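Survey of secondary and tertiary structure
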Amino acid sequence: MPKNKGKKRAHNESDAAANKQEATTTSSAEAAPITAEGEMPQKKFYRSRAHCNPLSFNEAFDYPTRPDLFDWTEDHYPEHPTLAQDDAEMSGFNSQSAAIRPDVLDVGCGFGGLTMALSPALPNNTILGLEIRAKVTEYVRLRIVAQRKEHPGQYQNCSVMRTNAMKYLPNFFPKAALEKLFFCFPDPHFKRKNHPRRIVSERLLSEYAFLLKPEVGRLYCITDVKDLHDWHVEKCDAHPLFERLTEEEMEADPCVTLMKTETEEGKKVKREGRFGHDMYYQVYKRVDETLAASKEKVGLGSVTAANFFGEGEFGVEVQ
């Protein structure tokens, strides 16, 4: 009877070796992040689902109870251009840091193309990209850090934050705090039952009007879906606090060109054209309440507790 020439490893010895190898792999993964701080991240490592449902996204987000309790210089703008250029150590939440707050929002910023482009284009403003997806937010953060390292003194007026813009904007920004709001290529939510998930609606437009500075504030919408563009125009035209800009006024605004050329989705439309190669956009001005009341639009008192939620929104049905 032939003898076994090979030595069979004991079962517990095999498990111990496997566990050791797994622990080593896990330890290496924890010790070495995908992208080192200050290096340019590779987009392939930060891919995520294109969209998510903001109304059922139940992951907890940190937010202040009042806008004045949030220090934007701590994590987002530590070397903001308006901060004093001295070596004195600033302690606490002083008046100088309290004066720094984003006034330009790129809502649903994606991989940060427009957020980054707005930084040099609007040097006197403070830009913030808002994104709900964790991996994408981290990509934009690393991208900004890398650009700050490569170009000292630049990109200090832009940052990114992970949050749900449909829920928490009033927690971060007081009345009339914003100058520009960008909604670039948002999720179309084609099904009628999903229309309440759209980032532009009657209810949210009132919130945006509260946050934008009268006569100064601008709301930008762009999409490659004609039906969604028609929705944007319908809702904004009907709102008493928004007024459509003319073609000439939009052409004179450099931000319109940026949102067409610098967003990843805009470049993708030109390159692939899933819904065609056309981009549909419109810009609206936040008008003053006194002027809006005199216009032939729906009166300011048209929104009441009875009609705040429209039929079909959030399960509301008219009996």
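In the block above lies the structure referred to throughout.
Residues numbered from 1 in each chain as written. Predicted model: local features only at pLDDT ≥ 70, side-chain atom pairs only at ≥ 80, totals over all residues. Heavy atoms only, no water.

As for the pairing of strand β1 (residues 104-107)
The two faces of β1 match: Val-104 and Asp-106 on one face and Leu-105 and Val-107 on the other face are all buried. Here β1 runs beside strand β2 (residues 127-131); their pairing, made up of four bridges, is parallel. For Val-107, the partnering residue across the bridge sits in β2 and is Leu-130. With helix α4 (residues 113-121) bridging β1 and the parallel β2, this β-α-β connection has right-handed handedness. As paired strands, β1 and strand β4 (residues 180-184) are joined by four bridges and run parallel to one another. Note on β4: the bridge partner recorded for Val-107 is Phe-183. (Buried < 20%, exposed > 50% of the residue type's maximum accessible area, 1.4 Å probe, protein only. Helix = DSSP H or I, 4+ residues; strand = E, 2+ residues; numbered from the N terminus. Pairing = 2+ DSSP bridges. Right-handed = clockwise from strand over helix to strand, strands pointing away.)

Quick look at a negative patch on the surface
Taken together, the side chains of Glu-247, Glu-248, Glu-249 and Glu-251 present a region of like negative charge at the surface. With respect to the element layout, Glu-251 can be found in helix α9 (residues 247-251). Given the relative accessible area of 53%, Glu-251 is considered exposed. (Patch = residues over 30% accessible without salt bridge, like charges linked within 9 Å, V, L, I, M, F, W, Y side chains within 5 Å. Areas by Shrake-Rupley, 256 points an atom, 1.4 Å probe, with all protein chains shown as cover. Salt bridge = Lys/Arg side-chain N within 4 Å of Asp/Glu carboxyl O. Lys, Arg positive; Asp, Glu negative; His and termini not counted. Charge placed at Lys NZ, Arg CZ, Asp CG, Glu CD.)

Considerations on the packing of aromatic side chains
For the structure shown, the criterion picks out eleven aromatic pairs. Seen in terms of ring centroids, Phe-111 and Tyr-139 are 5.2 Å apart; in terms of plane orientation they differ by 85°. Their pairing is edge-to-face. One end of the pair, Phe-111, is in the loop between β1 and α4; the other, Tyr-139, is in helix α5 (residues 134-150), and 28 residues separate them in sequence. With respect to burial, Phe-111 and Tyr-139 carry one shared label: buried. (Phe/Tyr/Trp six-rings, centres within 6.5 Å; stacked < 30°, edge-to-face > 60°.)

Here we look at the environment of Thr-73
When you line up the elements, Thr-73 lands in helix α2 (residues 72-75). Take Thr-73: its relative accessible area is 12%, and that puts it in the buried class. Taking the C-alpha atoms as reference, Thr-73 lies 9.7 Å from Ala-99; in sequence the two are 26 residues apart. For Thr-73, the side chain forms a polar contact with the side chain of Asp-71, separated by 2.6 Å. (Polar contact = N/O pair within 3.5 Å; in protein donor to acceptor, adjacent residues only side chain to side chain.)

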